[in-house]
Amino acid sequence: MKTYRAIQELQTTGSVTAGISLRTGGISNTPYATLNLAEHVGDDPRAVATNRKILFQQTGLKNWQYCRQVHGNCVIAVDAPTGASLEPPPEADALISACRGVALGIFTADCVPIFILDIETPAIGIAHAGWRGTFARVAVNTLAQMKACFGTVIENCRVHLGPAIQKCCYTVSAELLTQFAERFGCSVHDGTHLNLQAANVNQLVEAGLPATSISISPLCTACRTDLFYSHRAENGQTGRMLSYIQLDTE
Ligand SMILES: [Zn+2]
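Described below are features of the structure shown in this document. Please read these numbers as outputs of a predicted model, since none were measured by experiment.

Coordination of the zinc ion by the protein comes from Cys-168 (SG), Cys-169 (SG), Cys-220 (SG) and Cys-223 (SG), over a distance range of 2.3 Å. Relative to the metal, the 4 donor atoms surrounding the zinc ion lie at angles of 101 to 116°, and the coordination shape comes out tetrahedral.

Dropping the structure here:
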């Protein structure tokens, strides 16, 4: 199993570990083959537990926190390493923390994993942004909560949009394209395809984040089902990757 280092840009401070798992190197069977890390998709829970152990060993991260993702824009602040995941995971689509040694994780299969690092405080955030979360401005809301909880200044942040479905493969209804264009500008679609990355970039820039502080993975999950799970390309029945970020202990 090789973890794709999605956000090397965020790691230049040397104090952050972040990445996204690939679908390879686990033990799950079709249609979850092989490194499915989510419990809610119908896979054998024992296989998921084994797959998580594989990822945890590979990354060396120990204190994991997740949320029960509902395609909304709620943000949960994780205060301190508890040594155990919050049980049951709180309903939310983003996690933030200023604690070292806490790995924040979100599950995706086409939705955009959004990694945030506040270099100065330091503090971190991670958000799950499919079309609903993107439309509800989950990325901007995550930054706002980092400001409220940790005093994060937006200009000190770096943001990375990880592997997700890209414009090439994301046809949606004309009605949805219109709603997105009205909210985020005409650049978010080409008449038939929605550009989730552009909708997230536009809302972040509008909130004050310099465009130069945002990086975007060019990888499309629907084009690359050899590497990633894709809800769209695999007709809704598939596994999930886990994206993660942690402020390392010094
Ligand atoms: Zn594609």
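Of all hydrophobic cores here, the largest spans 38 residues; its most connected members are Ile-114, Val-159, Phe-180, Leu-194 and Leu-204. Not counting residues within four places of it along the chain, the set of residues in contact with Phe-180 comprises Trp-131, Thr-134, Phe-135, Gly-185, Val-188, Leu-194 and Ala-199. Within the second largest apolar cluster, 16 residues are counted, among which are Val-16, Cys-67, Ile-106 and Ile-126.

Attention shifts here to the sheet that holds strand E10 (residues 241-247). In spatial order, the strands read E1-E10-E5-E2; together these 4 strands make up an open sheet with mixed pairing. Of all the strands in the sheet, the pair left with one neighbour each is strand E1 (16-20) and strand E2 (64-65). Pairing of E2 with strand E5 (residues 103-108) involves 2 bridges; the strand directions are parallel. Bridging across to E5, Trp-64 finds its partner in Ala-103.

Reading across from one edge, E3-E4-E7-E6-E8-E9 is the order of the 6 strands in this open sheet, with mixed pairing throughout. Lying at the two open borders of the sheet, with one neighbouring strand each, are strand E3 (75-78) and strand E9 (214-216). Between one strand axis and the next, the sheet turns through 15° on average, direction left out of account. This element, helix H5 (residues 196-206), spans strand E6 (112-118), strand E7 (123-129), strand E8 (157-161) and E9 of the sheet and lies at about 175° to E9.

Note that His-128 resides in strand E7. Assessed through its relative accessible area of 4%, His-128 is described here as buried. Side chain to side chain, His-128 and Asp-93 meet in a polar contact 2.7 Å long. Once residues lying within four places of it in the same chain are set aside, the contact partners of His-128 are Gln-69, His-71, Asp-93, Ile-106, Phe-107, Thr-108, Cys-111, Val-112 and Val-138.

Bringing the packing of aromatic side chains into the picture now. In total, this model carries 7 aromatic pairs according to the counting rule given. Ring centres of Trp-64 and Tyr-244 lie 5.7 Å apart, and the angle between their planes is 70°; this geometry places the pair in the edge-to-face category. Residue Trp-64 is found in strand E2, and its partner Tyr-244 is found in strand E10; the two are separated by 180 residues along the sequence. Tyr-244 carries the same exposure label as Trp-64, and that label is buried.

This paragraph deals with the environment of His-189. Mapped onto the elements of the fold, His-189 is located in the loop between helix H4 (174-184) and H5. Relative accessible area serves as the criterion here: at 26%, His-189 is assigned to the partly exposed category. With 12 residues separating them along the chain, His-189 and Val-201 place their C-alpha atoms 13 Å apart. Ignoring sequence-local partners within four residues, the contact set of His-189 consists of Leu-177, Ala-181 and Leu-194. A polar atom in the side chain of His-189 sits 2.8 Å from the backbone nitrogen of Gly-191.

Of all 7 residues in E10, 7 are buried, a share of seventy percent or more. Here E10 shows no split at all, with Met-241, Ser-243, Ile-245 and Leu-247 on one side and Leu-242, Tyr-244 and Gln-246 on the other all buried. Bridge count for E1 against E10 is 5 bridges, and the pairing is antiparallel. Its bridge partner being in E10, Ile-20 is matched across the sheet by Ser-243. Judged from the 6 bridges that link them, E5 and E10 form a sheet pairing that is antiparallel. Bridging across to E10, Phe-107 finds its partner in Leu-242.

For the rest of this paragraph, the subject is the packing of helix H3 (residues 138-150) against H5. Running from amino to carboxyl end, H3 crosses H5 at an angle of 35°, the nearest separation of the two axes being 8 Å. Between H3 and H5, the residues in contact are Val-138, Ala-139, Val-140 and Leu-143 and Asn-200, Gln-203 and Leu-204, respectively. Grouping the amino acids of the contact of H3 with H5 by side-chain chemistry returns 5 nonpolar, 2 polar and no charged.

Analysis parameters
- Residues numbered from 1 in each chain as written.
- Predicted model: local features only at pLDDT ≥ 70, side-chain atom pairs only at ≥ 80, totals over all residues.
- Heavy atoms only, no water.
- Donors = N, O, S within 2.8 Å, 3.2 Å for Na, K, Ca; no water.
- Tetrahedral: all angles 85-135°; square planar, octahedral: opposite > 155°, others 65-115°.
- Core = buried A, V, L, I, M, F, W, Y, C linked by side-chain atoms within 4.5 Å.
- Buried < 20%, exposed > 50% of the residue type's maximum accessible area, 1.4 Å probe, protein only.
- Contact = heavy atoms within 4.5 Å.
- Pairing = 2+ DSSP bridges.
- Helix = DSSP H or I, 4+ residues; strand = E, 2+ residues; numbered from the N terminus.
- Axes fitted to C-alpha atoms, helices over the stretch in contact; angles between N-to-C directions.
- Polar contact = N/O pair within 3.5 Å; in protein donor to acceptor, adjacent residues only side chain to side chain.
- Phe/Tyr/Trp six-rings, centres within 6.5 Å; stacked < 30°, edge-to-face > 60°.
- Nonpolar A, V, L, I, M, F, W, Y, C, P; charged D, E, K, R; others polar.

Such coordinate-based values are descriptive only and should not be taken to indicate function.
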